[in-house]
Amino acid sequence: MTDKNTVDKTPEAIHVMFNMISRKYDFMNNIMSFGTHYYVKYRSIKSLNIKPHDNIIDLCCGTGDLARIIKYFHPDACVTGIDFSEEMLKIAKTKNPKRKIRYLQGDVTNLPYEDNSFDIVTMGFGLRNIANAEKAVEEAYRILKPQGSFLHLDFGNQNFLSKIYETTTPILAKMFTENYFSYDYLIKSKQTFPSPDDLIKDFENKGFIFKKRNDYLFGVISAETMTK
Ligand SMILES: C[S@@+](CC[C@H](N)C(=O)[O-])C[C@H]1O[C@@H](n2cnc3c(N)ncnc32)[C@H](O)[C@@H]1O
């Protein structure tokens, strides 16, 4: 993929970093985005054509926002979340007291599923953190059923709002966390990540077929939906 890869994305470094920031992850997301990340996650899930008994997996599920939104609106769907950070998963599990969502610790570059297993595969703000992003996309493609949907959600094009975000994030991180260097990483990983147009080409190169792109918050966040 076309990521310029100028930040340390070794799986070990990323794993340790997310374990370290896990306790404040949700809080920081809320203040950095002024709560708008929930709106974007909700809208992007609503844009999918999910059927009642679909088998759905959220890759890099973190603390489980996307998985919970899916389960809330589609209670009969079988929803799984996978992430390699045990600390992020611990928080996801505390928000899942009735165990309606399955959470699994694992690496999305090597998924423990058969080919063509899922009707819907989602990934929010994950690919940007993966050194071997190509392998993660290949895995998403492999486990998706033909005609299924792959939703990829992350920061989109740079604009005035993303500049404000990049300026305020380090300040907020210094005010509210001990791990503010992790938020320097976040900004760098965002700046070096491919644009939505380039991502769509990368996904197509792995076999996906483009379905639609939705931009939110004036394009600060972009969702690409692909099929197989
Ligand atoms: C920025 S968080 C996104 C969490 C969640 N999807 C959200 O939207 O809030 C990125 C997540 O990707 C996970 N992650 C990064 N690389 C991974 C990999 N190779 N396999 C599994 N999880 C990974 C991290 O542990 C972290 O929880």
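Attention here is on the structure that accompanies the text. Here the structure is a predicted model, which is why all the values come from computation and not from measurement.

Analysis parameters
Numbering of residues starts from 1 in every chain and runs along the sequence as written. Totals for whole chains, interfaces and linings use all residues, but because this is a predicted model, local features are given only for residues with pLDDT of at least 70 and pairs of side-chain atoms are given and counted only at 80 or more. Just so you know, side-chain values use all the structure's heavy atoms and leave hydrogens and water out. Here the rule is simple: two strands pair whenever DSSP picks up at least two bridges between them. Strands here mean DSSP runs of E at least two residues long; helices mean DSSP runs of H or I at least four residues long; both are numbered from the N terminus. Each axis is a line fitted through C-alpha atoms, taken for helices only over the stretch in contact, and angles between the N-to-C directions span 0 to 180 degrees. Note on definitions: a residue-residue contact is assigned when non-hydrogen atoms from the two residues lie within 4.5 Å. Any residue under 20% of the maximum accessible area for its type is buried, any over 50% is exposed, and the rest in between are partly exposed; the area is computed with a 1.4 Å probe on protein chains only. We call a residue near a molecule or strand whenever a single non-hydrogen atom of that residue lies within 4 Å of it. What qualifies as a polar contact is a pair of N or O atoms within 3.5 Å, subject to a donor-acceptor requirement within protein and to the restriction that residues adjacent in sequence count only when both atoms come from side chains. We get accessible surface area from the Shrake-Rupley algorithm with a probe of 1.4 Å; when it comes to residues, only the shown protein chains can shield them. When residues are grouped by polarity, Ala, Val, Leu, Ile, Met, Phe, Trp, Tyr, Cys and Pro land in nonpolar, Asp, Glu, Lys and Arg in charged, and all others, Gly among them, in polar. The term salt bridge refers to a pairing of a side-chain nitrogen on Lys or Arg with a carboxyl oxygen on Asp or Glu at a separation within 4 Å.

1. Structural notes on the sheet that holds strand β1 (residues 55-59)
Link 1 in the chain: The mixed open sheet is built from seven strands, whose spatial order is β3-β2-β1-β4-β5-β7-β6. Bordering the open sheet on either side are β3 (102-105) and β6 (209-216), each of which pairs with just one other strand. Sheet twist, expressed as the mean angle between neighbouring strand axes with direction ignored, is 15°.
Link 2 in the chain: In terms of strand pairing, strand β4 (residues 118-124) meets strand β5 (residues 144-155) through six bridges, oriented parallel. Counted as the bridge partner of Met-123 is His-152 from β5.
Link 3 in the chain: Sheet contacts for helix α4 (residues 86-94): β2 (78-83) and β3; angle to β3, the most-contacted strand, approximately 170°.
Link 4 in the chain: Set on the sheet, helix α5 (residues 133-143) makes contact with β1, β4 and β5; between it and β5 the angle comes to about 145°.

2. Some remarks on the environment of Gly-64
Link 1 in the chain: With respect to the secondary-structure elements, Gly-64 resides in the loop between β1 and α3 (65-73).
Link 2 in the chain: Classification of Gly-64 by relative accessible area gives buried; the value is 0%.
Link 3 in the chain: Counting along the chain gives 24 residues from Gly-64 to Met-88, while the straight-line C-alpha distance between them is 8.4 Å.
Link 4 in the chain: In this structure, Gly-64 is in contact with Ala-92 and Tyr-103, ignoring residues within four places of it in sequence.

3. Some remarks on the pairing of β3
The side chains of a regular strand alternate between the sheet's two faces.
Link 1 in the chain: In the sheet, β2 pairs with β3 via four bridges, with the strands oriented parallel. Along β3, the bridge assignment pairs Asp-83 with Gln-105.

4. Remarks on the site of the ligand
Link 1 in the chain: Within the structure, the ligand sits among 18 residues, and Tyr-25, Cys-60, Asp-83, Asp-107 and Gly-124 are positioned closest to it.
Link 2 in the chain: One of the side-chain N or O atoms of Tyr-25 is found 2.8 Å from an oxygen atom in the ligand.
Link 3 in the chain: Asp-83 places a side-chain nitrogen or oxygen 2.6 Å from an oxygen atom of the ligand.
Link 4 in the chain: Burial of the ligand by the surrounding chains reaches 97%, relative to a free accessible area of 600 Å².
Link 5 in the chain: Per-element accounting of the shell around the ligand gives the leading share, three residues, to helix α1 (residues 11-32).
Link 6 in the chain: Residue classes in the shell around the ligand are distributed as ten nonpolar, five polar and three charged.

5. Points about the pairing of β6
Link 1 in the chain: Note: β6 against strand β7 (residues 221-227), seven bridges, orientation antiparallel. Note on β7: the bridge partner recorded for Phe-210 is Met-226.
Link 2 in the chain: What sits between β6 and β7 in their antiparallel hairpin is a turn of four residues, with Leu-217 showing a positive phi close to 50°.

6. Describing the pattern of salt bridges
Link 1 in the chain: As enumerated under the stated definition, the model contains 14 salt bridges in all.
Link 2 in the chain: As a salt-bridge pair, Asp-65 and Arg-68 come within 2.7 Å of each other at their nearest N and O atoms. Taken together, the residues Asp-65 and Arg-68, both in helix α3 and three residues apart, mark about one turn of the helix.

7. Structural notes on unusual backbone geometry
Link 1 in the chain: Residue Cys-60 is not a glycine yet carries a positive backbone phi of 55°.
Link 2 in the chain: Here Cys-60 lies in the loop between β1 and α3.

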